[in-house]
Structure formats: structure tokens, C-alpha cells
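# Remarks on the overall topology
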Amino acid sequence: MNNNTQESKIQLEYINKCTELVKEKYEKAPAFFIQNAGCQMNSLQTDTVAGIVKRMGYTEVSREEDADVVIYNTCTVRENANLKIYGHLGHLKSIKKKNPELKIILFGCMMQEPEVIEKIHKEYSFVDLVFGTHNFHKFPELFYRSLNTEGQIIDVWKESDEIVEGMPSDRKYSFKTGVNIMFGCNNFCSYCIVQYVRGREKSREPEAIIEEIKGLVADGVTEVMLLGQNVNSYGKDFGDKDAFAKLLRRVDIIPGVERIHYMTSHPRDMSEEVIKAVAECEHICENFHLPFQAGSSEILRRMNRGYTKEKYLELVKMVRKYVPDATITTDIIVGFPGETEEDFEETLDVVRQVGFTSAYTFIYSKRSGTPAAKMESQVPLAVKKERLNRLMALQNENSLKCHEKLVGQTVEVLAEGPSKQKTVWNGRTRTGVLVLWPIEDKQYAVGQKVNVQIEAAQTWLVKGKAVD
């Protein structure tokens with residue numbers, strides 16, 4: 001038995017121990033509240049923690065006030081995320097005064113920052129359990145300790161090579177989920193804190209990933225999202241630069257998998273082999289999320305992105321060559337230190353040339369602990385806001401144009417559920433476009449394939465009617 005398998009067995013035993021403790025402690029099923037912040041990898045870990053505590057006998061509630069355990073999975077990409085957590089803790093302090101038995105748990109990226117741990121220890125001593133990203137797999141053991149301890153437990157590791165498989169999970173959707181293929185990041189973008197809190201890249205063994213997906217398929221999953229901070233680097237720590245393309249092809253032939261997505265891609269590491277895999281494999285969806293962040297090669301250099309505007313546009317041409325109908329989406333940062341009006345015009349030029357279907361746009365904000373926070377020539381907030389408005393206006397035009405091309409077409413949609421008003425169903429195309437169609441009299445199952453004829457386009461979505 002290898003070390004990771006042994007660790008999985010140990011943690012499953014702690015889940016059983018906690019289950020017995022919970023039965024002894026509570027007359028009726030206790031409740032937990034959990035809140036996620038941050039990326040899809042965080043969301044997947046939140047699902048795992050929720051699955052574990054449900055296995056222990058807890059039921060989920062929607063308010064902290066109704067819970068016996070409150071759990072926050074934290075993000076630290078922006079300092080505002082940290083401030084929100086401190087705000088939540090202020091609220092929880094008053095709740096815990098009324099309910100001293102309440103357990104409060106913090107984990108995730110924010111907990112990897114030493115100054116955060118010091119602050120929590122000194123100013124928020126009522127928090128019961130704190131752990132980070134590198135010992136996430138120890139949660140059952142740490143929770144067991146917390147159930148048996150009145151004082152605060154802080155257990156944060158600087159790094160770890162362990163990847164533990166086989167923990168329970170509580171999926172939001174029955175038919176789709178994410179699958180971590182790697183952890184950490186070796187890129188040192190000058191604005192980003194992630195590489196400092198997530199650690200160096202560690203790829204999971206391909207066989208473990210394949211077996212996990214097979215298990216998910218057996219449980220009703222048909223759509224998987226392969227997740228990593230930079231999936232294009234998958235397997236490089238094995239010494240195989242084409243490992244991600246090979247993994248995509250292996251996942252594609254797993255019986256029962258109907259849609260395969262992945263994120264996030266770093267343009268510097270995106271290879272022709274990956275693009276070919278998307279073009280040639282039946283189940284890999286024709287969407288490329290390629291964050292370019294800025295159009296100016298000088299700003300990209302200051303960001304330490306490892307490519308130029310010209311290289312990025314060459315990559316887009318390669319995508320269009322192999323997968324002409326693919327949607328391309330992106331992330332863009334406005335107002336990075338030193339960005340001039342000319343630099344910003346380069347960003348607008350990329351947006352015009354590529355015609356992104358959608359873009360996540362952000363105003364640059366200082367993140368303590370990153371090189372960019374110390375850079376000179378910080379752009380005034382008013383200038384950043386004005387540029388963001390211009391960028392969003394241009395991107396909204398692009399999004400509408402992309403969606404208008406679908407009008408008159410019949411597209412395959414996976415039904416995700418009805419609206420709150422029960423008037424329309426919603427789902428997404430293979431390329432990730434949100435589709436709405438009337439419920440009328442027909443009933444659909446969540447995860448069911450529905451052919452929808454598109455009749456109208458809007459900036460953020462398209463509308464149509466279901467057809468046989």
C-alpha cells in the first residue's frame with residue numbers, strides 16, 4: 001500500500017470516529033453551514049468538506065445562526081476577500097456568544113499567509129480550527145481533534161507532496177463536476193499571490209484521474225471539468241511535456257463521458273498537441289479559455305506572463321485553424337502599474353481582433369506580498385474605472401455578435417434546471433453558451449440533452465425553443 005493510499009485509509013477511519021462522536025454528542029442530527037470563496041478548485045474542495053461532514057451525520061443549513069458547525073473556505077487572490085472573512089468573523093463572534101458550543105472552521109488559501117494566522121490567533125481566538133491548502137487532506141483528523149478539544153487548533157503546512165484520493169464529496173449537480181488533475185503553480189505572475197499559497201505544481205497520476213472519472217460516471221456524471229491552476233503544465237513534473245494532451249485523449253474514450261472541459265490554461269504553455277486533441281476528440285468541448293490579461297507586450301513583460309501580444313495572437317490563429325467554430329474566452333486586467341493609454345489601446349486591439357465570446361474583466365488592485373504591489377506608476381482608480389467601462393462596452397458588442405451567429409441554429413444543451421419562477425429551463429451548449437427556453441408542458445431531467453432552436457440573442461445568453 002503506497003503512502004497516499006494509507007493516508008486515505010487513515011482519514012476515512014477518522015470520518016468513522018467523528019460519526020460515532022456526533023451520535024454521542026447530539027440527540028438529533030446537528031447542522032453545518034459552509035461558504036465557498038474563490039476559484040473552481042476551491043469550490044471542489046468545499047464540495048469535499050461538505051461531503052465529509054454529511055457523512056459524519058451533519059445536515060446542511062443556509063444560515064450561520066442555525067448551525068452547529070460553520071465552515072469558510074477562503075480565497076486570498078484579492079485583499080478584499082480577506083477583509084470579507086474578517087467581517088464574517090465579527091458576525092460569528094456574536095453568534096458564538098449565544099452558542100458557545102458552535103464550532104468555527106477556516107481553511108483555504110488565505111490561511112497560508114503567516115500574518116493572517118497571527119491575526120486570527122490574537123484577535124479571533126474563538127475560531128476553533130484553522131488549516132491550509134497543503135494539509136487539506138487532513139480535515140477529518142483535524143475535525144476529530146477539534147471535537148475533542150476546547151481550545152483553538154491551528155495546523156498550517158508550508159508545503160506537502162501528498163495527494164489523497166477517495167474522499168466523499170457533495171456535488172451541486174448530479175450530472176457534472178470538477179476533477180482536480182494537479183495542484184499548485186510554477187508561474188510567478190507579478191500580480192498573483194496564488195503560487196505563494198498553493199505551492200509548486202504537483203500532478204496527479206493519470207491512472208488515479210481515470211479511475212476517479214470512471215467512478216463519477218458510474219454515479220451519473222456525464223460532464224467533467226479537469227481543474228488545475230495551469231492545466232497545460234500537467235505532467236511536466238513527470239518529465240512529459242505532452243502529458244495533458246495525452247490525458248485529454250484518455251478521458252475522451254472513457255465510456256459514459258459526454259462532455260470534457262478544462263481550466264485554467266496559461267497561453268505560454270498551451271501546445272499544438274492540446275489544440276489537436278480538442279479538434280480530434282469527440283467529447284472534448286470546443287471552448288478555449290485563454291487569459292491574455294493585457295494586450296501590451298510591455299505590460300505582459302511587467303506581469304511576467306512569458307509571452308507577447310504577437311505570440312498570443314499566433315496561438316489564437318492556431319486555435320481557429322484546428323477548431324474554427326470554437327468559442328474563445330479570456331481574463332483581462334485593466335490598469336496594471338505602468339499601463340499607459342497606448343498600452344490600453346493594445347488591449348482593446350486584441351479584443352477586437354479575437355472577438356472573444358465572453359471575458360472576465362478586472363480592475364487591477366494591489367495584492368500585498370506580490371511584486372506588482374511595489375511597482376511605481378500605479379494607475380489612478382478613476383482612470384482604471386474609465387478604461388474598464390470602455391473595455392466592457394467593446395466586449396459586450398463582441399458577445400452579442402457571437403451570440404447572434406447562433407440565431408436560427410439548433411444547438412445541443414444539457415438541462416441544468418428550471419428558473420426560480422418555473423417559467424424557463426436553462427442549460428449550456430458544448431461551448432459554454434447559456435441557453436434559456438420555455439418550460440411549457442414538457443418535463444426535463446437535470447442533465448438531459450435537449451435540442452434548442454435559437455430564436456434570440458442577448459449579451460449574456462441566447463433564447464430559443466425546444467425541438468424534437
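Conventions adopted
Residues numbered from 1 in each chain as written. Predicted model: local features only at pLDDT ≥ 70, side-chain atom pairs only at ≥ 80, totals over all residues. Heavy atoms only, no water. Helix = DSSP H or I, 4+ residues; strand = E, 2+ residues; numbered from the N terminus. Rg over C-alpha atoms; globule rule 2.2 N^0.38 Å. Buried < 20%, exposed > 50% of the residue type's maximum accessible area, 1.4 Å probe, protein only. Areas by Shrake-Rupley, 256 points an atom, 1.4 Å probe, with all protein chains shown as cover. Lys, Arg positive; Asp, Glu negative; His and termini not counted. Charge placed at Lys NZ, Arg CZ, Asp CG, Glu CD. Salt bridge = Lys/Arg side-chain N within 4 Å of Asp/Glu carboxyl O. Pairing = 2+ DSSP bridges. Phe/Tyr/Trp six-rings, centres within 6.5 Å; stacked < 30°, edge-to-face > 60°. Lys NZ or Arg CZ within 6 Å of the ring centre and 35° of its normal. Axes fitted to C-alpha atoms, helices over the stretch in contact; angles between N-to-C directions. Contact = heavy atoms within 4.5 Å. Parallel < 35°, antiparallel > 145°, perpendicular 65-115°, else oblique.

### What about the overall build of the chain?
The number of helices and strands found in the chain is 13 helices and 19 strands. In terms of overall dimensions, the chain is globule-like: its C-alpha atoms have a radius of gyration of 23 Å, near the 23 Å expected for 468 residues. For the chain, the spread of C-alpha atoms along the principal axes amounts to about 60 × 60 × 50 Å. Here the chain holds 468 residues, and 52% of them are scored as buried. Only carbon and sulfur atoms are counted for the fraction: they give 49% of the accessible area of the chain, which is about 21600 Å². For the chain, the distance from the average site of its 62 positive side-chain charges to the average site of its 66 negative ones is 2 Å.

### What to know about the pattern of salt bridges
Applying the stated criterion across every chain yields a total of 35 salt bridges. The salt bridge involving K138 is made with E141; its shortest N-O contact spans 3.4 Å. You can call K138 buried: its relative accessible area is 16%. Across the pair R204 and E212 runs a salt bridge whose closest N-O atoms are separated by 2.7 Å. On the basis of relative accessibility, which here comes to 4%, the residue R204 falls in the buried class. What you see here is one network of salt bridges that share partners, running through E339, E341, E345, E386, R387 and R390.

### Considering the pairing of strand 15 (residues 410-418)
Bridging between strand 15 and strand 18 (residues 449-457) involves five bridges; their strand directions are antiparallel. From the neighbouring strand, T410 faces strand 18, where its bridge partner is Q453. As paired strands, strand 15 and strand 16 (residues 424-428) are joined by four bridges and run antiparallel to one another. From the neighbouring strand, A415 faces strand 16, where its bridge partner is G427. With antiparallel pairing between neighbouring strands as the criterion, strand 15 and strand 16 make up a hairpin whose turn holds five residues, including K422 at a positive phi of roughly 60 degrees.

### Section: the packing of aromatic side chains
Applying the stated criterion across every chain yields a total of 21 aromatic pairs. Taking the centre distance of 6.3 Å and the plane angle of 70 degrees together, the rings of Y26 and Y58 count as edge-to-face. Taken as a pair, Y26 in the loop between helix 1 (3-25) and strand 1 (31-36) and Y58 in the loop between helix 2 (40-55) and strand 2 (59-60) lie far apart in primary sequence, 32 residues in all. Taken individually, Y26 and Y58 each receive the classification buried, so the pair is uniform in this respect. Among the aromatic residues, ring-to-ring pairing joins Y26, Y58, F107, F131, F136, F139 and F143 into one connected group. In this structure, K17 is placed above the aromatic ring of Y14, and the distance from its NZ or CZ to the ring centre is 4.7 Å.

### Some thoughts on the sheet that holds strand 19 (residues 462-467)
In spatial order, the strands read 15-16-17-19-18; together these five strands close into a barrel with mixed pairing. This sheet shows a mean twist of 50 degrees between the axes of neighbouring strands, independent of strand direction. Where strand 18 meets strand 19, six bridges bridge the pair, whose relative direction is antiparallel. Pairing of N451 across the sheet is with V467, part of strand 19.

### Some points on the sheet that holds strand 4 (residues 103-108)
Spatially, 2-1-3-4-5-6 is the arrangement adopted by the six strands of the open sheet, whose pairing is parallel. Whereas interior strands pair on both sides, the edge strands pair on one side only; in this sheet they are strand 2 and strand 6 (153-155). The pairing of strand 1 with strand 3 (residues 69-74) spans five bridges and is parallel. Residue Q35 lies in a different strand from strand 3, and its bridge partner there is Y72.

### A closer look at the environment of L142
Tracing the backbone through its elements, the reader meets L142 in helix 5 (residues 139-147). Residue classification places L142 among the buried residues on the basis of a relative accessible area of 2%. Considered as a pair, L142 and V130 are 12 residues apart in the sequence and their alpha carbons are 9.0 Å apart. If we skip the residues at most four places from it in the chain, L142 touches L129, F131, N135, I153 and D155.

### Considerations on the packing of helix 12 (residues 341-354) against helix 13 (residues 381-404)
When two helices pack together, their arrangement is given by the angle between their axes and by how far apart the axes lie. Running from amino to carboxyl end, helix 12 crosses helix 13 at an angle of 10 degrees, the nearest separation of the two axes being 10 Å. If you check the angle between helix 12 and helix 13, you find them roughly parallel. Facing helix 12, whose interface residues are E341, F344, E345, L348, V351 and R352, helix 13 presents R387, R390, L391, L394, Q395 and N398.

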